[in-house]
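Given next are the chains, with one letter for each unit.
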Amino acid sequence: MKTCKSCGFPLKFARYFEWRNDGSILSTDTTGTASRITFLPDGELENIFHGLSQSIGLPVDPFLIEAQKQIGKELLANLPLRYAQLIPSSRFFRPQFAVKLAVRLISSDFASLGDGIVRVEYYRAGKALVLRVKNPCLIPLTVGSASSIYESIENMPSSNIRYGMEGEDLVIWLSPSREKPEREKRLYLEPVTPSKGNLEYKRCQNCNVPFWASETLEWDMKSGIIRNKKTSLREAIVSVQSINAILRELSSELGDEVRDILYEKQKDHEKNSLETQRELKENWEEILLSMAFRGLGYPTSFKSGDNWIEVEIENPYNQELYAGKLAARLETITNGVSTIHWEKERRKYRIETQK
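The next subject is the overall build of the protein. Across its full length, the protein carries 10 helices and 14 strands. For the protein, buried positions account for 50% of its 355 residues. Sequence separation of at least 24 residues holds for 62% of the intrachain contacts in the protein that already meet a minimum separation of 6. Surface accessibility of the protein: about 18000 Å² in total, with carbon and sulfur atoms responsible for 49%.

Here it is, written out as structure tokens:
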């Protein structure tokens, strides 16, 4: 992979990733379609959703898979892969070797997102598709994306899905189903809004990528893994629009209390992560900037005192999850227990702690 001669960042991603001055990151595909992304530590979303499942006594993976599947179909509608459904579904027109080749061609994009390496184990037109993913990440979302590709190619409304781990590999079994999903119309992607912000990153003059990215992120394309060079931990690229569509669907199905549970689970996860770090940043500007580098957003207004912070933010990757991260920081710094007070449809809030 070619890298920038000045900072060493992969030129492929310097071309398609844009760190905007409002604390967000845009990813543009080969068709020019832009989506918002964020970098999160591997396992963070899984832990939060697992905690949500335990709190409500209901597995949320089926919601995640169905939501990601419908979102994937919306994204695929703009890509050349959609024309595959015009090919008759027969072993003559769709031999296994051709499907294996097609998946191999898109596997590099899959690896680019840090989602592992995908390959076809078995395919028979109109009957079944079996995929194996090495070094999987965000498993329910990966399963949803795989089923969206299968259903789009086979031109079917839904599919039967089974998946499980074989050793360290994720194996996904897909077969036709004629049931029409009920949530399809509700799972829409919010448009990417224009950038508004005055953040100034220290950027490479050659590729325009912030030095944070070149100093922190490292791609292993052969393994489909993105690593944090400073911590040696795996990172995951997450679609902001997908996550918000999924959380919107969860709230619609299970009630608005889901948002409060997600806030608490994010706070708990972040506090556990902070306990494993050697040094805790107590400078709020450094904390906010480090979150902006990851594409989480940046406040339009921020105030702080000894045991409180007041935040107003228009563009977080998600309001509850962003607030949960800040609450965890405040509780760790003050060694207290926090409460949050929401205003202006949750765009503005005050978090206070008491010992």
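Here the narrative resumes, following the displayed structure.
Now for the side chain of D169. Relative to the assigned elements, D169 resides in strand β7 (residues 169-177). Looking at D169, the relative accessible area reads 12%, which means it is buried. At 3.2 Å, the side chain of D169 forms a polar contact with the side chain of R132. Excluding residues within four positions of it along the chain, D169 makes contact with R132, V133, K134 and G164.

What the rule picks out here adds up to 21 salt bridges. Between R132 and D169 there is a salt bridge, with the nearest N and O atoms lying 3.2 Å from each other. Of this pair, R132 sits in strand β5 (residues 128-134) while D169 sits in strand β7, and the two are 37 residues apart along the sequence. Accessibility classification places R132 together with D169 in one group, the buried group. A single salt-bridge network, built from bridges that share partners, covers R119, E121, R132, K134, E166 and D169.

To continue, consider the nonpolar core. In summary, soluble globular proteins display a tendency toward joint burial of nonpolar side chains. By size, the foremost hydrophobic cluster in this structure holds 68 residues, and its most contacted members are L250 and L326. In this view, L250 contacts F49, L52, V60, F63, L64, G255 and V258; residues no more than four positions away in its chain are not counted. Within the second largest apolar cluster, 18 residues are counted, among which are V118, V120, V143 and A146.

Glancing now at the packing of aromatic side chains. A complete count under the given rule lists 14 aromatic pairs for this structure. Both rings, one in F13 and one in W219, keep their centres 4.3 Å apart while their planes meet at 15°; by these two values the pair is stacked. Highlighted residues: F13 in helix α1 (residues 11-16) and W219 in strand β8 (residues 217-220), separated in sequence by 206 residues. Just as F13 is buried, W219 falls in that class too.

Moving on, we get to the sheet that holds β8. The strand order across the open sheet formed by six strands is β1-β2-β3-β10-β9-β8, and the pairing between neighbours is antiparallel. Every other strand in the sheet has two partners, leaving β1 (17-19) and β8 as the edge strands with one partner each. In this sheet, neighbouring strand axes are inclined to one another by 40° on average, regardless of whether the strands run parallel or antiparallel. As defined by bridge partners, β8 adjoins strand β9 (residues 225-228) across four bridges and the pair is classed as antiparallel. Paired with W219 across the bridge in β9 is I226. Of the strands in this sheet, β3 (34-41) and β10 (234-239) are in contact with helix α7 (residues 240-254), which crosses β10 at around 70°.

This part covers the pairing of β5. With six of its seven residues buried, β5 lies for the most part within the structure. By the bridge criterion, seven bridges tie strand β4 (residues 117-124) to β5 in an arrangement that is antiparallel. Within β5, the position partnered with R124 by the bridge is A128. Two successive antiparallel strands, β4 and β5, enclose a turn made up of three residues, where G126 displays a positive phi of approximately 75°. Pairing geometry for β5 and β7, over five bridges, is antiparallel. Looking at the pairing, R132 lines up with V171 of β7.

Ordered in space as β11-β12-β14-β13, the four strands form an open sheet in which the pairing is antiparallel. One side of each edge strand has no neighbouring strand; the edge strands of this open sheet are β11 (301-304) and β13 (337-343). Sheet twist, expressed as the mean angle between neighbouring strand axes with direction ignored, is 10°. Summarising the sheet, β13 and strand β14 (residues 348-354) pair through seven bridges and their orientation is antiparallel. Residue pairing across strands places W342 opposite Y349, the latter belonging to β14. Strands in contact with helix α10 (residues 319-334) are β12 (308-312), β13 and β14; relative to β14, the strand with the most contacts, it is inclined by about 25°.

Along β10, five of the six residues are buried, which leaves the element largely enclosed by surrounding structure. Where β9 and β10 come together, two bridges link them in antiparallel fashion. Each residue of the ladder has a partner; that of R227, found in β10, is R234. Linking β9 back to β10 in an antiparallel pair, the connection comprises five residues, with S232 at a positive phi of about 70°.

Quick notes on the rules
- Residues numbered from 1 in each chain as written.
- Predicted model: local features only at pLDDT ≥ 70, side-chain atom pairs only at ≥ 80, totals over all residues.
- Heavy atoms only, no water.
- Helix = DSSP H or I, 4+ residues; strand = E, 2+ residues; numbered from the N terminus.
- Buried < 20%, exposed > 50% of the residue type's maximum accessible area, 1.4 Å probe, protein only.
- Contact = heavy atoms within 4.5 Å.
- Areas by Shrake-Rupley, 256 points an atom, 1.4 Å probe, with all protein chains shown as cover.
- Polar contact = N/O pair within 3.5 Å; in protein donor to acceptor, adjacent residues only side chain to side chain.
- Salt bridge = Lys/Arg side-chain N within 4 Å of Asp/Glu carboxyl O.
- Core = buried A, V, L, I, M, F, W, Y, C linked by side-chain atoms within 4.5 Å.
- Phe/Tyr/Trp six-rings, centres within 6.5 Å; stacked < 30°, edge-to-face > 60°.
- Pairing = 2+ DSSP bridges.
- Axes fitted to C-alpha atoms, helices over the stretch in contact; angles between N-to-C directions.

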